[in-house]
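# What the coordinates show
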Amino acid sequence: MPTNDTLIRGLCPQPRQVQLTEGQFPLPSVLTWTGPDEVINAVTILTERLAPALDVVRATSHTDDVSLTVIVDPALEAEGYRIDIDAQVRITAGSPSGARWAVQTLLQLLTPWVYGPGPLALKHLCLPKGVIVDAPHHSWRGAHLDVSRHFMPTSFIMNFLDVLAVHKLNRLHLHLTDDQGWRLPVPGWPRLTTVGAWRPGTVRGHQPPPDDNGCDDVAEHDHIPHGGAYTVDQLRAIDERAQLLGITVVPEVDLPGHTESVVAAYPELGCGAPISHPRTAFGVSEHHINLTDAALGFCRDVLDAVMEIFPNSPIHIGGDECPGKEWFGHKPTRTRLAELGITTPHQAQAWFERQICGHVVAAGRQVIAWDEVLEAGAPEEVTVMVWRDADDIARAAAAGHDVIAAPARHTYLDHGMETGPQAPVTIDAPMTMNDVAGLHDVLAAVNSPHLLGGQFQLWTEYLCTPAQVEDAAFPRGTSIAEQLWTGNPARPLSELEAQTRRLTAMGVNWHR
Ligand code: ACM
């Protein structure tokens, strides 16, 4: 059994208060629990991990010998919890989510092999006696995953959710659509997930400069077809698993830019450029949907579809990197913009965002967009996700928007860890543990209740496989998760070793 000091240092994210004392509570071969139905998911998380060694059963009568009691006490912070371990384990949580995080902490007091597939010896499953009191500093603690540039299988997303939960991250932002591939089924628009989901190849090496001849075949590519799309059932299963773990899936449909895949599938929704397939290169495309009634109707169909698949989710509508020049060369769009008195791409996008946001807000959903929407004035109800200039976090908050910090300089984990001839091709580099640690100062400088929290991003232009995504994500993402939970400066890498052992047990290809 490790010393109490080692156990405490191994907790990740670090709880607010931990007091461990002498003595242990050995887990019984049948662990009987009691608590309200609303904490069943929390107990399921425990049951799944301990299944190779013991049975978890719910007490059926008052005379049962109970080892775990779970209580929900709304007087605690919503995601907060208290654990008392003595002759039994008692969890008091501010909400069912708090109970889930308490279970994750309990598991971290056991051998890292509870995260593996087993076998697991019961005699090694002993909890230290003591008290832990904890709650998160930020309510939005997220991971973003781009499944458009490289399609990621459902099985990987399921595993990834488990890994996020171990870090007490509570948002998975799924970037479902982009120029290179559309992954979301939408009733009435079947070509999105056939034509729009497959590109004929991928650019070789680093991204070339943006194309300048108005057609789609500029970049030399590897001629290896690539793509895929999720079924509604797969997306619902992802959402269901996420909810069990206490994670909200935040689906993103990136509009109006980053829509070459849409134009490939439905050329009438574009501005006239000859696009026959999703983009094989990366970078910012000049080509995107037009602003006719037909295109706006398409956008509403997409939003209705995504809201139906993810009934409890905020909806991210993208809004980044839309050049908008094409709108003024497309006659029907130009005519509409002239009628509206609109003369610049920024104004045109602001008009578009008002139509789209209104649709999402009318459905009672939180609507999120990248910080470009600030440029011509975003509707007040938009939550702004700031990725470019970190100073925009405070600016957006001062303008009354809720804000999520996703500053590229500190949270773009697709940026490589190393530079030099041995380093893999990445979109940019380096992004070291120190760079990631810099997120703390960015967040601490924003003194506003509008700051909801932050997230790390995994864009997949050059992260082609789940193994590469995991290599990029951890342990840098571990540091970000801990900063978001604790609100404290990052701990050095050496202090995260226990967490990396858990990742190893889970089979995660974290960066050694
Ligand atoms: C972004 O990186 N274009 C949000």
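Here, every reference points to the structure presented above.
As a starting point, this report considers the structure included with it. (Residues numbered from 1 in each chain as written. Predicted model: local features only at pLDDT ≥ 70, side-chain atom pairs only at ≥ 80, totals over all residues. Heavy atoms only, no water.)

### Topic: the overall build of the protein chain
Each helix and strand in the protein chain was counted, giving 16 helices and 19 strands. For the protein chain, the C-alpha radius of gyration of 24 Å lies close to 24 Å, the compact-globule estimate for 512 residues. Along the first, second and third principal axes, the C-alpha atoms of the protein chain reach 75 × 50 × 40 Å. Of all 512 residues assigned to the protein chain, the portion counted as buried reaches 57%. Across the protein chain, contacts joining residues at least 24 apart in sequence account for 72% of those joining residues at least 6 apart. Surface summary for the protein chain: the accessible area is close to 19,500 Å², and the carbon and sulfur share equals 53%. Of the side-chain charges in the protein chain, 35 are positive and 61 negative, and the distance between the mean point of each set is 3 Å. (Helix = DSSP H or I, 4+ residues; strand = E, 2+ residues; numbered from the N terminus. Rg over C-alpha atoms; globule rule 2.2 N^0.38 Å. Buried < 20%, exposed > 50% of the residue type's maximum accessible area, 1.4 Å probe, protein only. Contact = heavy atoms within 4.5 Å. Areas by Shrake-Rupley, 256 points an atom, 1.4 Å probe, with all protein chains shown as cover. Lys, Arg positive; Asp, Glu negative; His and termini not counted. Charge placed at Lys NZ, Arg CZ, Asp CG, Glu CD.)

### Notes on the pattern of salt bridges
Throughout the structure, instances matching the rule amount to 24 salt bridges. For R82, the salt bridge identified is with D84, shortest N-O distance 2.8 Å. One salt-bridge network, in which partners are shared between bridges, spans R9, E482, R491 and E495. (Salt bridge = Lys/Arg side-chain N within 4 Å of Asp/Glu carboxyl O.)

### Considerations on the packing of helix 2 (residues 40-50) against helix 5 (residues 232-245)
At their nearest, the axes of helix 2 and helix 5 sit 8 Å apart, and the two run at 95 degrees to each other. Considered as vectors, helix 2 and helix 5 are oriented roughly perpendicular to each other. For the pair helix 2 and helix 5, the contacting residues are N41, T44, I45 and E48 in the first and R241, Q243, L244 and L245 in the second. For the contact of helix 2 with helix 5, the residue count by class is 3 nonpolar, 3 polar and 2 charged. (Axes fitted to C-alpha atoms, helices over the stretch in contact; angles between N-to-C directions. Parallel < 35°, antiparallel > 145°, perpendicular 65-115°, else oblique. Nonpolar A, V, L, I, M, F, W, Y, C, P; charged D, E, K, R; others polar.)

### Concerning the sheet that holds strand 7 (residues 126-134)
Pairing is mixed in the open sheet, where 7 strands are placed in the order 1-7-5-6-4-2-3. Only two strands of the sheet have a single partner each, and these edge strands are strand 1 (17-26) and strand 3 (55-58). With strand direction ignored, the average angle separating the axes of adjacent strands in the sheet is 20 degrees. Pairing analysis gives 7 bridges linking strand 1 to strand 7, with the strands arranged antiparallel. In the sheet register, Q19 faces strand 7, and the bridge partner there is V131. In the packing of helix 3 (residues 96-108) onto the sheet, contacts are made with strand 4 (68-72), strand 5 (81-85), strand 6 (89-93) and strand 7, and the angle to strand 5 comes to roughly 45 degrees. (Pairing = 2+ DSSP bridges.)

### Remarks on the packing of aromatic side chains
The tally for this structure, following the rule as stated, stands at 12 aromatic pairs. Plain terms: the ring middles of W182 and F298 are 6.0 Å apart, the flat faces sit at 50 degrees to each other, and that makes the pair tilted. Linking W182 in strand 11 (residues 181-182) with F298 in helix 7 (residues 293-309), this pair joins segments that are 116 residues apart in sequence. Comparing W182 with F298, the two get one shared label, buried. Seen from their ring centres, Y412 and W459 are 6.1 Å apart, and the 50 degrees between their planes marks the pair as tilted. Here the residue Y412 occupies a position in the loop between helix 11 (408-411) and helix 12 (433-437), and W459 occupies one in the loop between strand 19 (451-458) and helix 14 (466-473), the gap between them amounting to 47 residues. For W459, a relative accessible area of 9% puts it in the buried group. Aromatic rings pair up to connect F156, F160, F456 and F474 into one cluster. Geometry around W485 places K168 over its ring, the cationic atom sitting 5.7 Å from the centre. One residue, R171, lies across the ring of W140, its end atom 4.5 Å from the ring centre. (Phe/Tyr/Trp six-rings, centres within 6.5 Å; stacked < 30°, edge-to-face > 60°. Lys NZ or Arg CZ within 6 Å of the ring centre and 35° of its normal.)

### Structural notes on the packing of helix 7 against helix 9 (residues 345-362)
At their nearest, the axes of helix 7 and helix 9 sit 10 Å apart, and the two run at 35 degrees to each other. Note on packing geometry: the crossing formed by helix 7 with helix 9 is right-handed. Counted together, L296, C299, R300, L303, D304 and M307 of helix 7 and W351, F352, Q355, I356, H359 and V360 of helix 9 form the full contact between these two elements. Its residues placed into classes, the contact of helix 7 with helix 9 shows 8 nonpolar, 2 polar and 2 charged. (Left-handed = near helix turned anticlockwise from the far one by under 90°.)

### Section: the sheet that holds strand 17 (residues 382-386)
Ordered by their spatial adjacency, 8 strands build a closed barrel running 8-9-14-15-16-17-18-19, and the pairing between neighbours is parallel. Between one strand axis and the next, the sheet turns through 30 degrees on average, direction left out of account. Sheet topology places strand 17 next to strand 18 (residues 403-405); 3 bridges connect them, and they run parallel. Among the inter-strand pairings, M385 is bridged to a residue of strand 18, identified as I404.

### Remarks on the pairing of strand 5
When you tally the buried positions in strand 5, you get 4 out of 5 residues, the bulk of the element. Examined bridge by bridge, strand 5 and strand 6 share 5 bridges and lie antiparallel to one another. Each bridged residue has a counterpart across the sheet, and for D84 the counterpart in strand 6 is R90. In this antiparallel pair of consecutive strands, strand 5 and strand 6, the connection spans 3 residues. Here 5 bridges tie strand 5 to strand 7, and the two strands are oriented antiparallel to one another. The residue bridging Y81 from the neighbouring strand is D134, located in strand 7.

### Regarding the nonpolar core
A general trend in soluble globular proteins is that nonpolar side chains are found buried together. Core analysis: the largest hydrophobic core is formed by 149 residues, its most contacted members being I91, L145, F160, L184 and L458. It is helix 7 that contributes the most residues to this core, 10 residues altogether. In contact with L184, other than residues within four places in its own chain, are L176, T193, L235, V253, V302, V306 and I309. (Core = buried A, V, L, I, M, F, W, Y, C linked by side-chain atoms within 4.5 Å.)

### Remarks on helix 4 (residues 154-166)
Given a rise of 1.5 Å per residue, 13 residues ought to cover 18 Å, and the 19 Å separating the end C-alpha atoms of helix 4 matches this to within 8%. Along helix 4, 10 of the 13 residues are buried, which leaves the element largely enclosed by surrounding structure. Of the residues flanking the end of helix 4, it is K168, one or two places downstream, whose phi is positive at about 60 degrees. (Expected span 1.5 Å × (residues − 1).)

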